[in-house]
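Examining the three-dimensional arrangement
Each chain, letter by letter, is given below.
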Amino acid sequence: MTRTHRRGVTTRRLLIGVASMAVASAGLLAPAHTASADTHAWMNKGQPPEERANDLLKAMTLEEKVHMLHGVEQSESPLPTIGYIPPIPRLKVPGITMTDGPAGVRDSQSPDTQDKATALPSPSALAASFDTELAEEHGSVLGSEARALGQAQVFAPGHNIQRVPVNGRNFEYYSEDPYLSGTLAGASTRGIQDQGVIATLKHYAANNQETDRMSGSSEIDDRTLHEIYEKNFDVAIAGGRPGSVMCSYNKINSVHACENNQTLGDLRSKLGFDGYIVSDYPATHSTKSVKAGLNVELPTGVHATLPKVQAALNDGSITMADVDTRVRETLTTLFRFGMFDRDPMARGEIDEGKDSTSAQEIAAESAVLMKNEDAALPLGSSTDSVAVIGGPAKQTASGGGSSAVKPLSMDNAYDAIASRAGSSTKVSYADGSDLKQAAEEAKKAKTAVVFVKDEAKEGEDRKNLSLPGNQDALVNAVADANPNTVVVLQTGAPVLMPWLPKVKSVLQTWYPGARGGAATAQLLWGDVNPGGKLPQTWPASETQTPVSTKEQFPGVGGKSKYTEGVNVGYRWYDKENQAPLFPFGHGLSYTAGFSYQDLKLEKSSGGPSDPVTVSFKVTNAGEREGAEVPQLYVGKPDTKAQTPPKELGAFTKVHLDRGETKTVTLEVDPRELSYWDSEAKDYRVQSGEYEISVGGSSRWLPLHGTYQVK
């Protein structure tokens, strides 16, 4: 397989070893009948996946069918892996290995057995690129490395809605906006699956906090569930056709997600999903999950075992048709991805050089210039001395839990800065543990660059939005000592900035991955012009969030009430007329700025199923090449349902030379004009006037027009 990046940065060539890996026997007893390899109709590659699955299903015993309903202990796999379904040699069913992967391949829960892989920038970083081609490249690296390590399936992309700003896993997710989140997840899915590896959208659904994640219930009204917490999956499935979805730990309206008839039913009947569903680890509670739609219980069989399935069949709580349907869905997907036609556990080579280059490009294009007073950045030839302050400059931040990659290699910002600065610029360092020493180093330099980070991991939410430890005090001390202070953030999600008025510039680099240091040095010196935009709203205070009550988060009595409804993220700030610290979609550039002109609608009106096509001009008014992200927001009429003031309806990324003007055309899908009608159980587009607004952030929209739905 080959994949060529749009800018010619990488050409992906998957190197799979010729020799197959030995696979473990399932240890199943031979059934009453036997068949030779020549009579295995399902091994005919020329037949459609559905026919092959049906042929195989007819040959399976109940024991073999139940075998496909659950995984086994990871130790039974011949390879490091997070999930494993053993082979059925009699029927030539291959073993299926599964790995974690939102920020790179993590194929074991033990660092001792975990394979090394490229540490990719966090999904929250990728989201800031607003770039679907870059998301596809992120997925391509992940998919190629998963396949090279003998993994058939990767548990990525993760794209839960960032409802709670302190959610410990926000770094693993894309955005507070379901359209942006789903669009990027669909692109990442395409990249993963282009490598012949099954992508897994997770975690379905309304899995928005780590506190009480195993037992808590997300209490959501019907409209909000569909418009916000299912919509991101809807968009991703339409854009990427993932082979798998992972259901989540939490309950949804008091019913466990992995046996929730409504949400699992929606996944297939309304969202168009045609793959197989796996459970989180462990997120199952009874055998009735088979009837609800769960295909594979992970990590091992607890409820989908032969004795329990047989008992459920006997008492009528599930039927043989339920079992056959679940197994058929899994087999069809495995045939679709060619798992029967190759050895899915064959291992190859990781091209570290090319993948690291991709990681660096993603990190650079995802960085967000949040503030840049007096053009303090980029640094230039007149910068004769730089004080680098803070431990993250020498040890790049990353998230913990299932996204903890064992990196092939990692650089750091301090070394990259020293190299980029050259011999004519003095570069000093202080780790920041001693505030007085840090201030002294800062005072001696022309520019002080302070690196700070947050701490986030699976299993727990952050205590608050403040930077941990003494980092706020460190920034204050350095800024007091040097008026030309730049702050480089390495955070997975928003943080408060009590020192913001004191510093000249703030550059957000997220969790930047294996070559984050090199990317940061490029950004600081202007070798790359920052072009990222914030995929989340950054609150001005702890309480300035849509979920500021205990009933909303972390919940009371095991229930988190989603009383903000559809007003998640920027929707709430707009509705409440709140001014955040930084708005959704915000991001500056080293160029003087971008101007927008000449908004034109292809048609001024149309029917409820018609797309809306809009064109306009964007001009780079500065003296540097730069990238802009035009964002189109839709304001819906309130004739039948109260709607947020505006919602993201389309976006793109445009690269412009200095002084260049380009005409940009965006198309708004009718889905982005709709609302969920709970009575009709379907999406509806209201008749009336829609406001179309275009600009560079959710709070800077210089172009406006109207569109009439008849």
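Residues numbered from 1 in each chain as written. Predicted model: local features only at pLDDT ≥ 70, side-chain atom pairs only at ≥ 80, totals over all residues. Heavy atoms only, no water.

Within the structure shown, the criterion is met by 39 salt bridges. A salt bridge links Arg 268 to Glu 329, with the shortest nitrogen-to-oxygen separation between them at 3.1 Å. With Arg 268 in helix 8 (residues 261–269) and Glu 329 in helix 11 (residues 320–336), this residue pair connects regions lying 61 residues apart in the sequence. Relative accessible area serves as the criterion here: at 14%, Glu 329 is assigned to the buried category. The residue Asp 322 makes a salt bridge to Lys 291 at a minimum N-O spacing of 2.7 Å. On the criterion of sequence distance, the pair formed by Asp 322 in helix 11 and Lys 291 in helix 9 (residues 289–292) is long-range, its members being 31 residues apart. The exposure class assigned to Asp 322 is buried, which follows from its relative accessible area of 12%. Lys 291 sits in the partly exposed class, given a relative accessible area of 37%. If you follow the salt bridges from partner to partner, you end up with Arg 169, Glu 172, Glu 210, Arg 213 and Glu 458 in one network. (Salt bridge = Lys/Arg side-chain N within 4 Å of Asp/Glu carboxyl O. Helix = DSSP H or I, 4+ residues; strand = E, 2+ residues; numbered from the N terminus. Buried < 20%, exposed > 50% of the residue type's maximum accessible area, 1.4 Å probe, protein only.)

A word on the packing of helix 6 (residues 222–229) against helix 8. Here helix 6 crosses helix 8 at 40°, and the two axes come no closer than 13 Å. Relative to helix 8, the element helix 6 lies oblique. Considering how the two elements wind past one another, helix 6 and helix 8 form a crossing that is right-handed. Across from Asp 222, Leu 225 and His 226 in helix 6, the residues of helix 8 making contact are Gln 262, Thr 263 and Asp 266. Broken down by class, the residue content of the contact of helix 6 with helix 8 amounts to one nonpolar, three polar and two charged. (Axes fitted to C-alpha atoms, helices over the stretch in contact; angles between N-to-C directions. Parallel < 35°, antiparallel > 145°, perpendicular 65-115°, else oblique. Left-handed = near helix turned anticlockwise from the far one by under 90°. Contact = heavy atoms within 4.5 Å. Nonpolar A, V, L, I, M, F, W, Y, C, P; charged D, E, K, R; others polar.)

A word on empty space enclosed by the protein. For the structure shown, the criterion picks out six cavities of 30 Å³ or more. Estimated volume of the largest cavity: approximately 100 Å³. As for the largest cavity, its lining consists of 13 residues, of which Gln 162, Arg 163, Pro 165, Glu 176 and Thr 537 are closest to the centre. Per-class residue counts for the lining of the largest cavity are six nonpolar, five polar and two charged. (1 Å grid on protein atoms, 1.4 Å probe; cavity = no way out; pocket = protein on both sides within 12 Å on 5 of 7 lines; lining within 4 Å. Points joined across faces, edges and corners; volume = space filled by probe spheres on them.)

By the definition in use, this model includes 16 aromatic pairs. Taking the centre distance of 5.0 Å and the plane angle of 90° together, the rings of Trp 572 and Tyr 573 count as edge-to-face. As far as the burial class goes, Trp 572 and Tyr 573 line up, both buried. Here Tyr 596 and Trp 700 contribute two aromatic rings whose centre-to-centre distance is 5.5 Å and whose plane-to-plane angle is 80°, an arrangement assigned as edge-to-face. Separated by 104 residues along the polypeptide, Tyr 596 in strand 21 (residues 594–601) and Trp 700 in the loop between strand 31 (688–695) and strand 32 (703–709) bring together distant segments of the chain. Residue classification places Tyr 596 among the buried residues on the basis of a relative accessible area of 8%. (Phe/Tyr/Trp six-rings, centres within 6.5 Å; stacked < 30°, edge-to-face > 60°.)

Functional significance is not addressed by these values, which are geometric in nature.
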